[in-house]
Amino acid sequence: MAEQKDLHFKTNVQLKSIIGKDLINDDNIAILELVKNSFDADAKQVKVKYFNLKNNDDKNVEYFSSNTSRLIIQDDGVGMDINDIRDKWLNIAYSEKKTNKTQHKRRMAGAKGVGRFSCDRLGEYLNLYAKTNEDPHYYKLSIDWKKFEIEDEDKEIQSIPLKYEILTPTEFQSLGFSNFEHGVLLEIIKLRSNWAYPISDKSGNITDWDVSKFVELKKYLEKLINPNQAFESNDFGVYIDAPEFRVENNSLEDSSKFIGKVENRIFEHLDFKTTSIETYLTDGGNELFTELKDKGETIFWIREKNPFYPEITNAKATVYYLSPYAKSFFTKQTGIRSVDYGSVFLFINGFRVPPYGELGNDWLGIDQRKAQGYSRNIGLRELVGQIEILDEENKFQIVSSREGIVKNESYDTLTSSEKNNSFFFKAFRRLERYVVEGLNWDSAPEHKNLLEIHKKIVSGETTEEDLEYSEDLITKQKRVYSTIHKIISAKSNEVIELYINENLITQKIEEEREASEREFNQLIEDFSNKKIDGDTLNKILQKKAQENEELEKQLKEFSKYTTNEATSKAILELQDYKNTIEKQTLLIQDLQSQLEELKQQKESAEKSATTLKEKVNKVESDLSIEKEKNLYLLATRRTLSPDADGLIHTIKINNVEVRDGIENIIDDLTENDYNVQDLIKRLGFLKICAERSLKMAEFVTRADLKEDIEKKDVDVVKYIIEYISLYGDTFSENLAFSFSNNQEQISKNLSVLNMSIILDNLISNAVKWGADKIQIDFEKVNEKKLLVFFSDNGKGLSDKFIKNSEKIFELSVRDIPPSGYSGSGIGLFYTKNLLNEMNCDIEFVGNKEVLSGATFKITINTI
């Protein structure tokens, strides 16, 4: 066996660029990495200062001079001695966080040990000055990054020597710096990027400077530094200064000024303009506390067992829903649109992890959910927020500023949207339900011009008190109360304590109590004045039963949880209101018994008077019959009323059917061409026609015909279907009917006789014009209007009237149908008249609209 020999990795000099300016491809990220290093060194403050940007010799000197552009990043941390510089700072990829999660009572922010190479990204040269409390001297390390930018495959990075000096305080001060007790000062020289650009007029004279890169740096750091989390004792600050640009800075709006302390205070201001939810872990990660607020008022809070233990033990999430109004207030306070600011950011140990939450980054899949349910889900454009994690066990490992963190089990427990079973989505779904199902999106009235309102809010012309919403506060509170348990959606065995805004409960109780007492007092008064009947009492009892059932359901929901004192008092009021409803129910039942007793007494008295009344009615009836006989004998076509005239026309139609049917039967009998069963069936049809004619004749001979045709409540759709099922085939054996939307329901007070005449006329006309199919379509426009489309497959309306169809509804206007039967010209006339008397109408729609023949539209109005 051959002898094994050793080989070793070589670190080529090009490694500097790979982990330096090539890896850290953004100036803002480079500065952030250096700020993190200062934080890990227990600095109380970091100063980022720029010099020699307006006038410098960067392009004129090979190395640098006192007039070369500079960036100074100085902190007051523990500093370094020469051993720290040699063994830690110059030790590539060395990071104390890999062994110490916490240092100087802080959770460390740096992780990979390459942040120091951000200096290479920012400038060509670096002078590092470091000092500790224990050492009176300053240590200066000088690096020329260009020395590492050579093409030599044998050149290793550690082969390039770096010079350092030991300086006395006087020597250090002579370099133009102020002495400090401890900390690190990074002097980055000959900056690689332009941080400001001159603005010149047509003559080439500089009139102003573009300082937008400074503004972007300030806003970037604001979003990346979270004072609420890592800097709980407010003992860390980042300050930006550029003395040359103070005039330009002072001319900017407050939200864009870049000189001064970097502060992330956006969320502090939003609490009073928005709907928000905050959730965080307490009791060593065993308990989860969640609080939902609306415009500063707590709607509910809940303490429950942490279902995400042990993967998530020290985390907090805050999410704000931005209505159109809230978006405008956001712009007013921050100077930027909320959509440009970002969405939900992730902070780990006090520093944000890019690219999560940046514009267009949907790392939580929120916009994907929005696309699946647009009207029931919140999208990225409607929220801002942050998730904060204090990670001492390195469960959330940062990959890079482009890829975020490793997607492991901890990541899934934090962010998974599946069944909303994650730390973030458990809270977010509660907020979403409140906004959608409780507030109904808290939207502005439709007639409002949101663009104009936005301008007025941003300018300060419109305040929060001036805003109008599509719904009033009471309406929203009622809906919130009715859906509050669905919004909270908690398992009773996991709830430790629950608070629900007591005003939501008591306000609803007071409103319903007042209405119930008014109704009950009115009931007592009506009963005393004998203005109420049994049916009304039954309806009231049913309503009380429903109220009692709903209250029982609410109390049962509350009983599942341990509630705090304020909520418990409100629940007692709810129970008291339920007791009141039960007492009222008992009193109403007593009134019902009294009313039933009075009813029986009345019926007994009325029965005693019935015999006498019948005798009187008999005499009146005999006189009425005699009167009807005389009227009938004297009646002529000219003296008949329009109602009687229409009935006679219908009788004529029926008698024609009887006459023709009998003639056909006689012919069949004469020729001995018949079937007994068929003959019996045909005679049955003729008997029905004859009975209808007799019934109509009975009505037409009455002097009080108008009264007999008057009205009763009828389900129009049901009546038409039943009538045609009984009498439809009396017009023709081959006639077929079909219906659509026959489940519609609409009630109208009408004369069923008149409606029968209308249907007879329309069916008779269709048969005369060759129809063997009739389709009736019902279309309910609203609760007060029904459209009935009557279509057949006959020849349709003739060309004679097709362009002037309203003429066919005039008296005596007629046409000769292909069947050869001549019409009287009064059928459609009386059909329209009868409908008009009902406040209804008929019109010709056209030929071949539904079937091959004519289509008529009947409009039924219930009022």
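Values in this document were obtained by computation on a predicted structure and should not be read as measured data.

1. Here's the deal with the overall build of the protein chain
Then step 1. The helix and strand inventory of the protein chain stands at 24 helices and 29 strands.
Then step 2. The proportion of buried residues among the 863 residues of the protein chain is 46%.
Then step 3. Sequence separation of 24 or more characterises 72% of the internal contacts of the protein chain that already satisfy a separation of 6 or more.
Then step 4. Surface exposure of the protein chain reaches about 45500 Å², of which carbon and sulfur atoms provide 48%.

2. Here's the deal with the sheet that holds strand S1 (residues 45-51)
Then step 1. Taken together, the eight strands give an open sheet; going across it, the order is S7-S6-S5-S8-S2-S1-S11-S12, and neighbouring strands pair in mixed fashion. Edge strands, defined here as strands with exactly one partner in the open sheet, are strand S7 (163-167) and strand S12 (260-262). Between one strand axis and the next, the sheet turns through 20° on average, direction left out of account.
Then step 2. Note: S1 against strand S2 (residues 70-75), six bridges, orientation antiparallel. By the bridge assignment, Val48 is partnered in S2 with Ile73.

3. Thoughts on the pattern of salt bridges
Then step 1. Within this structure, the stated rule accounts for 38 salt bridges.
Then step 2. Put simply, Lys146 and Asp144 hold a salt bridge, and the shortest N to O gap is 3.3 Å.
Then step 3. One connected set of salt bridges, linked through shared partners, spans Asp294, Lys295, Asp442 and Lys476.

4. Quick look at the sheet that holds strand S26 (residues 773-782)
Then step 1. Taken together, five strands build an open sheet; the order of strands is S24-S26-S27-S29-S28 and the sheet is mixed. The open sheet is flanked by strand S24 (736-740) and strand S28 (841-847), the only strands paired with a single partner. Each strand axis lies, on average, 20° off the axis of its neighbour in the sheet, ignoring direction.
Then step 2. Alignment of S28 against strand S29 (residues 854-861), held across six bridges, turns out to be antiparallel. For Asn847, the partnering residue across the bridge sits in S29 and is Ala854.
Then step 3. Relative to the sheet, helix H23 (residues 752-768) contacts S24, S26, strand S27 (785-792), S28 and S29, its axis offset from that of S27 by approximately 30°.

5. Structural notes on the packing of helix H9 (residues 324-334) against helix H14 (residues 450-459)
Then step 1. The contact between H9 and H14 brings their axes to 8 Å, and the two run at 35°. Helix-helix and strand crossings are classified by hand; for H9 and H14 the assignment is right-handed. Here H9 contributes Pro324, Tyr325, Ser328, Phe329, Thr331 and Lys332 to the contact with H14, which in turn contributes Leu450, Ile453, His454, Ile457 and Val458.
Then step 2. A per-class count over the contact of H9 with H14 returns seven nonpolar, three polar and one charged.

6. A few points about the nonpolar core
Then step 1. In terms of nonpolar packing, the biggest core is built from 62 residues, with Phe300, Leu346, Ile366, Ile387, Phe423, Phe424 and Ile500 touching the most fellow members.
Then step 2. If one sorts the elements of this core by residue count, helix H13 (residues 423-438) sits on top with nine residues.
Then step 3. Ile366 has contacts with Val344, Ile378, Gly379, Leu380, Leu383, Phe424, Phe425 and Phe428, leaving out every residue within four places of it along the chain.
Then step 4. Counting residues in each nonpolar core, the second largest holds 55 residues, with Ala30, Ile82, Val184 and Phe236 among its members.

7. So, the confidence of the model for the protein chain
Then step 1. Summing up the model confidence of the protein chain, the mean pLDDT is 82 and the portion of residues at 70 or higher is 82%.
Then step 2. Long-range and interchain partners of residues 623-639, a stretch whose pLDDT sits below 50, account for ten contacts in this model, where long-range means more than four residues apart.

8. Some details on the packing of aromatic side chains
Then step 1. Within the structure shown, the criterion is met by 35 aromatic pairs.
Then step 2. In this structure an aromatic cluster arises from ring pairing among Tyr50, Trp195, Trp209, Phe214, Phe245 and Phe258.
Then step 3. Geometry around Tyr469 places Lys476 over its ring, the cationic atom sitting 4.3 Å from the centre.
Then step 4. The ring centre of Phe809 lies 5.1 Å from the NZ or CZ of Lys832, which sits over that ring.

9. As for unusual backbone geometry
Then step 1. A cis amide bond links Tyr309 with the next residue in sequence, Pro310, at an omega value of 5°.
Then step 2. Here Pro310 is to be found in the loop between strand S15 (297-305) and strand S16 (315-321).
Then step 3. Along the chain, Pro354 connects to Pro355 via a cis peptide bond; the corresponding omega equals 0°.
Then step 4. Among the secondary structure elements, Pro355 is positioned in the loop between strand S18 (351-352) and helix H11 (366-372).
Then step 5. Positive phi, close to 75°, is recorded for Trp441, a residue that is not glycine.
Then step 6. Turning to its location among the elements, Trp441 is positioned in the loop between H13 and H14.
Then step 7. Phi at Lys848 is positive, roughly 60°, even though this residue is not glycine.
Then step 8. Along the chain, the position of Lys848 falls in the loop between S28 and S29.

10. Comments concerning the pairing of S27
Then step 1. Where burial is concerned, most of S27 is hidden: seven out of the eight residues are buried.
Then step 2. For S26 and S27, the ladder comprises eight bridges, and the chain directions are antiparallel. Across the sheet, the residue bridging to Ile774 is Asp792, located in S27.
Then step 3. Turn length for the S26-S27 hairpin, with the two strands adjacent in sequence and antiparallel, is two residues.
Then step 4. In the sheet, S27 pairs with S29 via seven bridges, with the strands oriented antiparallel. Paired with Phe789 across the bridge in S29 is Lys857.

11. Some words on the pairing of strand S19 (residues 383-389)
Then step 1. Across the seven residues that make up S19, a large majority, seven, are buried.
Then step 2. Burial of S19 is two-sided: the residues Leu383, Gly385, Ile387 and Ile389 facing one way and the residues Val384, Gln386 and Glu388 facing the other way are all buried.
Then step 3. Pairing between S16 and S19: seven bridges, direction antiparallel. Across the sheet, residue Thr318 finds its bridge partner in S19, namely Gln386.

12. Points about the packing of H13 against helix H15 (residues 473-488)
Then step 1. Closest axis-to-axis distance for the H13/H15 pair is 9 Å, and the angle between their directions is 150°. The chirality of how H13 crosses H15 is right-handed. Each of Arg430, Arg433, Tyr434, Glu437 and Gly438 in H13 lies in contact with H15, whose residues at this interface are Lys476, Arg479, Val480, Thr483, Lys486, Ile487 and Ile488.

13. Structural notes on helix H3 (residues 82-89)
Note: α-helices contain 3.6 residues per turn, so residues at a spacing of three or four share the same orientation.
Then step 1. Ile82, Asp84, Ile85 and Trp89 are the residues of H3 that are buried. Projected onto a plane normal to the axis of H3, the buried residues spread over an arc of 165° and lie on a single side.
Then step 2. Contacts from the buried residues of H3 go to strand S5 (123-131), strand S6 (138-144) and S7.
Then step 3. With a side-chain oxygen lying 3.0 Å from the backbone nitrogen of Asn83, the N-terminal cap of H3 falls on Asp81.

14. Brief notes about H15
Then step 1. The principal kink in H15, of about 50°, is found at Ser482.
Then step 2. Taken as a whole, H15 has its buried residues at Lys476, Val480, Tyr481, Thr483, Ile484, His485, Ile487 and Ile488.
Then step 3. Following H15 by one or two positions, Ser489 has its phi on the positive side, about 45°.

15. Some details on the environment of Lys832
Then step 1. Within the secondary structure layout, Lys832 lies in helix H24 (residues 827-837).
Then step 2. Owing to a relative accessible area of 21%, Lys832 belongs among the partly exposed residues under this scheme.
Then step 3. For Lys832 and Ile842, which are ten residues apart along the polypeptide, the C-alpha to C-alpha distance reads 6.0 Å.
Then step 4. Ignoring any residue separated from it by four or fewer positions in sequence, one finds Lys832 in contact with Phe809, Asp841 and Ile842.
Then step 5. Side-chain polar atoms of Lys832 contact the side chain of Asp841, separated by 2.7 Å.

16. A short note on the side chain of Glu187
Then step 1. Relative to the helices and strands, Glu187 resides in strand S8 (residues 183-191).
Then step 2. On the basis of relative accessibility, which here comes to 6%, the residue Glu187 falls in the buried class.
Then step 3. Side-chain polar atoms of Glu187 contact the side chain of Tyr129, separated by 3.3 Å.
Then step 4. Ignoring anything within four residues of it in the chain, the contact list for Glu187 reads Arg70, Leu71, Ile72, Tyr125, Leu126, Asn127, Tyr129 and Phe177.

Conventions and cut-offs
The residue numbers shown here count from 1 along each chain, following its written sequence. At least 70 in pLDDT is required for a residue's local features to be given in this predicted model, at least 80 for side-chain atom pairs to be given and counted, and no such filter applies to totals for whole chains, interfaces and linings, which use all residues. The basis for the side-chain values is all heavy atoms of the structure; hydrogens and waters are excluded. Put simply, DSSP marks the helices as runs of H or I at least four residues long and the strands as runs of E at least two long, and each gets a number from the N terminus on. Per-residue accessibility, obtained with a 1.4 Å probe over protein chains only, is compared with the maximum for each type, and a residue is labelled buried under 20%, exposed over 50%, and partly exposed between these values. Only heavy atoms matter for contacts: two residues are in contact if any of them lie within 4.5 Å across the pair. With residues, only the protein chains shown are counted as cover, and all accessible areas are computed by Shrake-Rupley using a 1.4 Å probe. When DSSP finds two or more bridges between two strands, those strands count as paired. Note on geometry: axes are C-alpha line fits, over the in-contact stretch for helices, and angles between N-to-C directions span 0 to 180 degrees. The salt bridge definition used is simple: a Lys or Arg side-chain nitrogen within 4 Å of an Asp or Glu carboxyl oxygen. A crossing counts as left-handed when the near helix is turned anticlockwise from the far one by less than a right angle, and as right-handed when that turn is clockwise. Ten residue types, Ala, Val, Leu, Ile, Met, Phe, Trp, Tyr, Cys and Pro, are classed as nonpolar, four, Asp, Glu, Lys and Arg, as charged, and the remainder, Gly among them, as polar. Definition used in this section: a nonpolar core is a set of buried Ala, Val, Leu, Ile, Met, Phe, Trp, Tyr and Cys residues joined via side-chain atoms within 4.5 Å. Confidence of the predictor at the level of single residues is given by pLDDT, which spans 0 to 100. Two aromatic rings from Phe, Tyr or Trp, using only the six-membered ring of Trp, form a pair when their centres are within 6.5 Å; if the ring planes differ by under 30 degrees the pair is stacked, by over 60 it is edge-to-face, and anything between is tilted. Should the NZ of a Lys or the CZ of an Arg lie within 6 Å of a ring centre and within 35 degrees of the ring normal, that charge is described as sitting over the ring. Directions are taken from the helix axis to each C-beta atom, and the arc is the one they span. Here a polar contact means two N or O atoms within 3.5 Å. Within protein one must be a hydrogen donor candidate and the other an acceptor candidate, and residues neighboring in sequence count only if both atoms are side-chain atoms. The bend at a residue is defined as the angle formed between two axes, one fitted to the seven residues ending at that residue and one fitted to the seven starting there.

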